[in-house]
Amino acid sequence: MGAGTSHEPSKGAEQPSAEGESAPSGPARAGGSRRFPSITRDTARPEGGGRAAPRDASAPARQWPLLSVLVAVGLGLLIVATEPFGQAFRIGLIIIGAALIAGAALRWTLPSVGMLAVRSRFTDITTYGVLGVAIVLLSLMAQPRPWLNVPFLEDAVHFTVR
């Protein structure tokens, strides 16, 4: 064999066990090292990323938290796109923002939310919540005839635009 090649696993590498699972070897097995392996073989699922319904349920039923948020966002987009009544853009955007806030609430309360879990629980809740609140507030303050007047924001807009 060439120089530098070896069939022996490096220290801290994983070796398959009799059950087919990989077990750490070297110092990691003895509890001496907590280093990550040099080659990543798999990624961990996000916390709460398991199925939201039993395995024997259909695929849409297993992903009901994500589907409920997507249906609400789709409804909001449909209302904005078709404009069936006056101020429809505002109502549609409020529905979209409320769907994101509901997604944050689902992520916070349910132990398993399926594909609604993308990152850590804290990051998902923060992202969904902040974006949802921002969309709702901006839709309430949209011109013409805003439903919510925030005086210091009007001053900031007038200061930056003039």
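The preceding data block contains the structure.
Residues numbered from 1 in each chain as written. Predicted model: local features only at pLDDT ≥ 70, side-chain atom pairs only at ≥ 80, totals over all residues. Heavy atoms only, no water.

Can you lay out the overall build of the protein chain for me, pointing to particular residues and giving the numbers?
The secondary structure content of the protein chain amounts to 6 helices and 2 strands. Helices and strands appear in the protein chain in the N-to-C order β-β-α-α-α-α-α-α. Put simply, the protein chain has 162 residues, and 23% of those count as buried. For the protein chain, the share of sequence-separated contacts (at least 6 apart) that also reach a separation of at least 24 residues comes to 50%. (Helix = DSSP H or I, 4+ residues; strand = E, 2+ residues; numbered from the N terminus. Buried < 20%, exposed > 50% of the residue type's maximum accessible area, 1.4 Å probe, protein only. Contact = heavy atoms within 4.5 Å.)

Account for the nonpolar core, naming residues and giving values.
In terms of nonpolar packing, the biggest core is built from 12 residues, these being Leu66, Val69, Val73, Ile96, Ala99, Leu100, Ala104, Leu106, Val113, Leu116, Ala117 and Tyr128. Of the residues forming this core, the biggest block, 5 residues, is contributed by helix α4 (residues 88–109). The residues touching leucine 100, leaving out its near neighbours within four places in the chain, are Tyr128, Leu131, Gly132 and Ile135. (Core = buried A, V, L, I, M, F, W, Y, C linked by side-chain atoms within 4.5 Å.)

Tell me about the pattern of salt bridges, and please be specific about residues and values.
Scanning all chains against the criterion turns up 2 salt bridges. With a shortest N-O distance of 2.8 Å, arginine 107 and aspartate 124 are connected by a salt bridge. One end of the pair, arginine 107, is in helix α4; the other, aspartate 124, is in helix α5 (residues 121–140), and 17 residues separate them in sequence. Among the residues examined, arginine 107 registers a relative accessible area of 0% and is labelled buried. (Salt bridge = Lys/Arg side-chain N within 4 Å of Asp/Glu carboxyl O.)

Now, about α4: what can you tell me, with residues and values included?
Over its 22 residues, α4 runs 31 Å from end to end, which matches the ideal 32 Å to within 8%, given 1.5 Å per residue. When α4 is considered as a whole, its buried residues turn out to be Ala88, Arg90, Gly92, Ile96, Gly97, Ala99, Leu100, Gly103, Ala104, Leu106 and Arg107. Those residues of α4 that are buried are in contact with α3 (64–82) and α5. (Expected span 1.5 Å × (residues − 1).)

Describe the packing of α4 against α5, listing the residues and the values that go with them.
Viewed as axis vectors pointing N to C, α4 and α5 meet at an angle of 160 degrees, and their least axial separation amounts to 8 Å. Judged by the inter-axis angle, α4 sits roughly antiparallel to α5. The interaxial crossing formed by α4 with α5 has left-handed handedness. Between α4 and α5, the residues in contact are Arg90, Leu93, Ile94, Ile96, Gly97, Ala98, Leu100, Ile101, Gly103, Ala104, Arg107 and Trp108 and Arg121, Asp124, Ile125, Tyr128, Gly129, Leu131, Gly132, Val133, Ile135, Val136, Ser139 and Leu140, respectively. Residue classes in the contact of α4 with α5 are distributed as 15 nonpolar, 5 polar and 4 charged. (Axes fitted to C-alpha atoms, helices over the stretch in contact; angles between N-to-C directions. Parallel < 35°, antiparallel > 145°, perpendicular 65-115°, else oblique. Left-handed = near helix turned anticlockwise from the far one by under 90°. Nonpolar A, V, L, I, M, F, W, Y, C, P; charged D, E, K, R; others polar.)

Mind laying out a nonpolar patch on the surface, listing which residues take part and the relevant values?
On the surface, a cluster of nonpolar side chains totalling about 220 Å² of accessible area is made up of Ile101, Val133 and Leu137. Looking at the element boundaries, isoleucine 101 is found in helix α4. Using a relative accessible area of 35% as the deciding quantity, one classes isoleucine 101 as partly exposed. (Patch = residues over 30% accessible without salt bridge, like charges linked within 9 Å, V, L, I, M, F, W, Y side chains within 5 Å. Areas by Shrake-Rupley, 256 points an atom, 1.4 Å probe, with all protein chains shown as cover.)

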